[in-house]
Structure formats: structure tokens, C-alpha cells
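Listed below are the residues making up each chain.
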Amino acid sequence: MVNPKLKDELNDQLCEAVLSLGNMEECYQFFEDICTIGELKAMSQRLEVARMLQAGHTYDEIVERTGASTATISRVKRCLNYGADGYKVVLSRLKDKEENA
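This text gives an overview of the structure that appears in the document.

So, how was this worked out
- Residues numbered from 1 in each chain as written.
- Predicted model: local features only at pLDDT ≥ 70, side-chain atom pairs only at ≥ 80, totals over all residues.
- Heavy atoms only, no water.
- 1 Å grid on protein atoms, 1.4 Å probe; cavity = no way out; pocket = protein on both sides within 12 Å on 5 of 7 lines; lining within 4 Å.
- Points joined across faces, edges and corners; volume = space filled by probe spheres on them.
- Helix = DSSP H or I, 4+ residues; strand = E, 2+ residues; numbered from the N terminus.
- Expected span 1.5 Å × (residues − 1).
- Buried < 20%, exposed > 50% of the residue type's maximum accessible area, 1.4 Å probe, protein only.
- Polar contact = N/O pair within 3.5 Å; in protein donor to acceptor, adjacent residues only side chain to side chain.
- Contact = heavy atoms within 4.5 Å.
- Core = buried A, V, L, I, M, F, W, Y, C linked by side-chain atoms within 4.5 Å.
- Axes fitted to C-alpha atoms, helices over the stretch in contact; angles between N-to-C directions.
- Left-handed = near helix turned anticlockwise from the far one by under 90°.
- Nonpolar A, V, L, I, M, F, W, Y, C, P; charged D, E, K, R; others polar.
- Phe/Tyr/Trp six-rings, centres within 6.5 Å; stacked < 30°, edge-to-face > 60°.
- Parallel < 35°, antiparallel > 145°, perpendicular 65-115°, else oblique.

Let us look at the layout of surface pockets. Put simply, the largest pocket is a space of about 2700 Å³. As for the largest pocket, its lining consists of 45 residues, of which Val18, Leu47, Gly86, Tyr87 and Val90 are closest to the centre. Elements with a contribution of two residues or more to the lining of the largest pocket: helix H1 (9-20), helix H2 (24-34), helix H3 (37-54) and helix H6 (86-99). Counting residues per element, the lining of the largest pocket draws most heavily on H6, at 11 residues.

At aspartate 85, a position not held by glycine, the phi torsion is positive, near 70°. Structurally, the position occupied by aspartate 85 is in the loop between helix H5 (70-82) and H6.

Take H1 next. Compared with the 16 Å implied by 1.5 Å per residue over 12 residues, the 16 Å span of H1 between its first and last C-alpha is a close match. With zero of its 12 residues buried, H1 lies for the most part at the surface. Of the residues that open H1, the one with a side-chain oxygen 3.1 Å from the backbone nitrogen of leucine 10 is aspartate 8.

As a further point, take the side chain of threonine 72. Along the chain, the position of threonine 72 falls in helix H5. With relative accessibility at 10%, the residue threonine 72 sits in the buried group. Non-local contacts of threonine 72, meaning those with residues more than four positions away in its chain, are made with Gln45 and Arg46.

Our next topic: the nonpolar core. Most often, soluble globular proteins have nonpolar side chains that are buried together. Val49, Ala50, Met52, Leu53, Ile62, Ala68, Ile73, Val76, Leu80 and Leu91 form the largest nonpolar core, which has 10 residues in total. Sorting the residues of this core by element identifies H3 and H5 as the ones contributing at least two each. In terms of residues, this core owes the most to one element, H3, which gives four residues. Excluding anything up to four places from it in sequence, leucine 53 contacts Tyr59, Ile62, Ile73, Val76, Lys77 and Leu80.

Two elements in contact, H3 and helix H4 (residues 59-66), have axes separated by 10 Å at closest approach and are oriented at 150°. Crossing hand, H3 versus H4: right-handed. Here Gln45, Glu48, Val49, Arg51, Met52 and Leu53 of H3 come into contact with H4, specifically with Tyr59, Glu61, Ile62, Arg65 and Thr66. Tallied by class, the residues present in the contact of H3 with H4 amount to five nonpolar, two polar and four charged.

Per the stated rule, a full pass over the model turns up one aromatic pair. Taking 5.5 Å as the distance between ring centres and 70° as the angle between the ring planes, the aromatic pair formed by phenylalanine 30 and phenylalanine 31 counts as edge-to-face.

This part covers the packing of H3 against H6. How two helices sit against one another is set out by the angle between their axes and by the gap between those axes. The N-to-C vectors of H3 and H6 enclose an angle of 75°; their axes lie 10 Å apart at closest approach. Here H6 runs roughly perpendicular to H3, going by the angle between their axes. Residues Arg46, Leu47, Ala50, Arg51 and Gln54 of H3 lie in contact with H6, whose contacting residues are Tyr87, Lys88, Val90, Leu91 and Leu94. Among the residues making up the contact of H3 with H6, the classes are represented as six nonpolar, one polar and three charged.

Shown next as C-alpha cells:
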């Protein structure tokens, strides 16, 4: 279920834009235009933190691999445990794709 605080016309438009992307190159082009390099790297880092947490890695291992702060790791862990399950959906699909490649 979508958080009603997030649900609005502009966020719908952003989600539709992401869903319209057809390949990796289009994703890079879009995210390069819509995000700063720092914002994009932060999102990528959080996704890797989530993947590593799900795989059972320790905070120390995650810090070493990603450079994420323990505060970031804690926030991601809280989302994995109590969030909207967005990380879980994406990580499951990425794992399925990897296993079927």
C-alpha cells in the first residue's frame, strides 16, 4: 500500500516516467538528468546496503564495501524491517533475474 503522504500527482508522474524506461541506457540518461551525481550514488549505495543486509552481512562489512555510514545502514535496515517492502520487491526481482541469467 502506498503511503498517502507520498501519493500525489507529481509522484505519480515520476513513477510513470521510471516505468516508461526501456533499457539500462535510458535509465542512466534519465537519472543523470533528474539527479545530481551525489543523489544517484546515494540511492545506489542504499540499494547495495539493503542487498547486503538481506544477505546477512555485518555493519562492518557493509561499511567497508559501500562506505555507508552506520546511520544510513540503520535507516535502510529499518526500512527492510518496517517499511513499505519496496527494497524487498526490487531485491527479489534482481535476484530472480540473476539466477535466470
